[in-house]
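Remarks on the overall topology
Single-letter residue listing:
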Amino acid sequence: PTSGAPGCWRRPGGPGGPGSAVTPADDPWDVWVFRVRGSGGMSGRTNYRSRRFSGSLNASRVTEEWKVSLGLSTSYDDTRYDYPELDYYRLSVRRSHSLSGSLIKALAPRWSAGLRASARNATYYNFDFAATLAPTLEYSFFPYQEATRRSLTLQYGVEGAYHDYQDRTIYFKDRETVFSQSLSVSLGFTRPWGNAFAMMEGGHLLNDIDKHHVSLFGGLSLRLGRGLSLTLSANGSRVKDLITVAAGADDSVEEILLARRQFQTDYTYSTSIGLSYSFGSIFNNIVNPRFGSSGGGGMVIYY
């Protein structure tokens, strides 16, 4: 925002010449911002071929009172082994499709409420279909107005999930509905070069506290140019609530080596590096830090 009439923005070089007033009524995007990501690759040799494709589309709309976020993603990965001299052929496929959304409402200067929902199909997690609904509350220890410099928040949420499995699980379930609760604390700092963030989260099934997890997450986002960012992140978890693992999934050495489905484990960890590009409404300058930048909340339920 610049000086001038209330509710107006100034866009250099806009209609009417440099410095002419432009109002939100002129915004063709209606304050929506969109992000598109995609990647693909392939590799091979005489008896081996691998192909990988993934893509996502995200849309968000942020005002001082509301945050809306929608996401659609898909990925496909196949590996083919062909050894005629050994009479061996194997095509291994891993794919996933997901639709997710979140709705965040400001309740008070330091309180917010959120609702997150998702639906997906994922061969790795043994899902023919899975749907979740998770209401969450957030409290900010610092005033939300300071989030452009620092933030420290606490979130509590419950989640209901319906799972329809591809194969019967190690707990002899073909389908089930489960409920869980989660508590997380998040810390973040923002500087002109980008931002740094960290989160610690834990949760368990409501009917069995022994099925629980504890997770640590940290990351760094560097601004490279207008709309372009480089993100580095790492996380590690102690996991005791893997309830969707298929029975007999780890009986085959072949399945373990191909890593096309989830197995029982006591811990997980990962690191990542990525680029993102944002475009859309020029009026999307409202800072609403409630529930983080994505609006997704702090709940992490492991399957």
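Parameters at a glance
Residues numbered from 1 in each chain as written. Predicted model: local features only at pLDDT ≥ 70, side-chain atom pairs only at ≥ 80, totals over all residues. Heavy atoms only, no water. Helix = DSSP H or I, 4+ residues; strand = E, 2+ residues; numbered from the N terminus. Contact = heavy atoms within 4.5 Å. Areas by Shrake-Rupley, 256 points an atom, 1.4 Å probe, with all protein chains shown as cover. Salt bridge = Lys/Arg side-chain N within 4 Å of Asp/Glu carboxyl O. Patch = residues over 30% accessible without salt bridge, like charges linked within 9 Å, V, L, I, M, F, W, Y side chains within 5 Å. Buried < 20%, exposed > 50% of the residue type's maximum accessible area, 1.4 Å probe, protein only. Core = buried A, V, L, I, M, F, W, Y, C linked by side-chain atoms within 4.5 Å. Phe/Tyr/Trp six-rings, centres within 6.5 Å; stacked < 30°, edge-to-face > 60°. Pairing = 2+ DSSP bridges. pLDDT = per-residue confidence, 0-100.

Check the secondary structure of the protein chain and you find one helix and 14 strands. Nonlocal contacts in the protein chain, meaning residues at least 24 apart in sequence, comprise 57% of its contacts between residues at least 6 apart. As displayed, the protein chain has an accessible area near 17400 Å², and 60% of this comes from carbon and sulfur atoms.

Before going further, it helps to spend a moment on the pattern of salt bridges. If you walk through the whole model with that rule in mind, you get eleven salt bridges. Its salt-bridge partner being Arg175, residue Asp164 comes within 3.9 Å of it at the nearest N-O pair. A residue pair is termed long-range when its members are at least 10 positions apart, and Asp164 in strand S9 (residues 150-165) and Arg175 in strand S10 (residues 175-191) qualify at eleven residues. Each of Arg49, Arg51 and Asp78 takes part in a single network of salt bridges with overlapping partners.

Taken together, the side chains of Trp29, Val36, Leu57, Leu72, Leu99, Leu224, Leu228, Leu275, Tyr277 and Phe279 define a hydrophobic patch exposed on the protein surface, amounting to about 960 Å² of accessible area. Per-element accounting of the nonpolar patch gives the leading share, three residues, to strand S14 (residues 267-280). Tracing the chain through its elements places Val36 in strand S3 (residues 32-45).

Once that is clear, we can look at unusual backbone geometry. Across the chain, the bulk of peptide bonds are trans and the bulk of non-glycine residues have phi less than zero. Not every positive phi belongs to a glycine, and Asp30 is a case in point at roughly 55 degrees. By secondary structure assignment, the location of Asp30 is in the loop between strand S2 (21-22) and S3. Here Asp30 falls in the partly exposed class, since its relative accessible area comes to 42%. In this structure, Val31 is a non-glycine residue whose phi angle is positive, near 65 degrees. Here Val31 shows up in the loop between S2 and S3.

Attention now moves to the nonpolar core. The biggest cluster of nonpolar side chains holds eight residues, and these are Ala122, Phe127, Ala130, Ala161, Tyr165, Val178, Leu205 and Ile243. Among the secondary structure elements, those contributing two or more residues to this core are strand S8 (127-140) and S9.

Turning our attention to the environment of Ser56. Within the fold, Ser56 resides in strand S4 (residues 48-62). With 17 residues separating them along the chain, Ser56 and Ser73 place their C-alpha atoms 4.1 Å apart. The contact partners of Ser56, leaving out residues within four places of it in the chain, are Arg35, Val36, Arg37, Leu72 and Ser73.

Below, the discussion takes up the side chain of Ser60. Positionally, Ser60 belongs in strand S4. Those residues within four positions of Ser60 in sequence are excluded, and the remaining contacts are Val31, Trp32, Val33, Arg35, Val68 and Ser69.

Before going further, it helps to spend a moment on the packing of aromatic side chains. Per the counting criterion, the structure on display carries eight aromatic pairs. Where Trp29 meets Phe34, the ring centres are 5.6 Å apart and the plane angle is 55 degrees; that geometry is what we call tilted. Of the residues examined, Phe34 reaches a relative accessible area of 24% and is grouped as partly exposed. Plain terms: the ring middles of Tyr124 and Tyr125 are 5.0 Å apart, the flat faces sit at 90 degrees to each other, and that makes the pair edge-to-face.

This paragraph deals with the pairing of S9. Pairing of S8 with S9, which is carried by eleven bridges, proceeds in the antiparallel orientation. Residue pairing in the sheet places Thr136 in a bridge with Gly157 of S9. The sheet contact formed by S9 and S10 spans 15 bridges and is antiparallel. Its bridge partner lying in S10, Gly157 is registered against Ser182.

This paragraph deals with the environment of Phe291. Positionally, Phe291 belongs in the segment after S14. Residue Phe291 is classed as buried on the basis of its relative accessible area of 4%. In this structure, the C-alpha to C-alpha distance between Phe291 and Ser186, residues 105 residues apart in sequence, is 9.6 Å.

When pLDDT is averaged along the protein chain, the result is 82; 80% of the residues meet or exceed 70. Scored below 50 in pLDDT, residues 294-303 shows 46 contacts in the model against residues more than four places distant or in partner chains.

Next up on the list: the pairing of S10. As defined by bridge partners, S10 adjoins strand S11 (residues 194-205) across twelve bridges and the pair is classed as antiparallel. The residue of S11 that forms the bridge with Gly188 is Phe197. Linking two consecutive strands that pair antiparallel, namely S10 and S11, is a turn of two residues.

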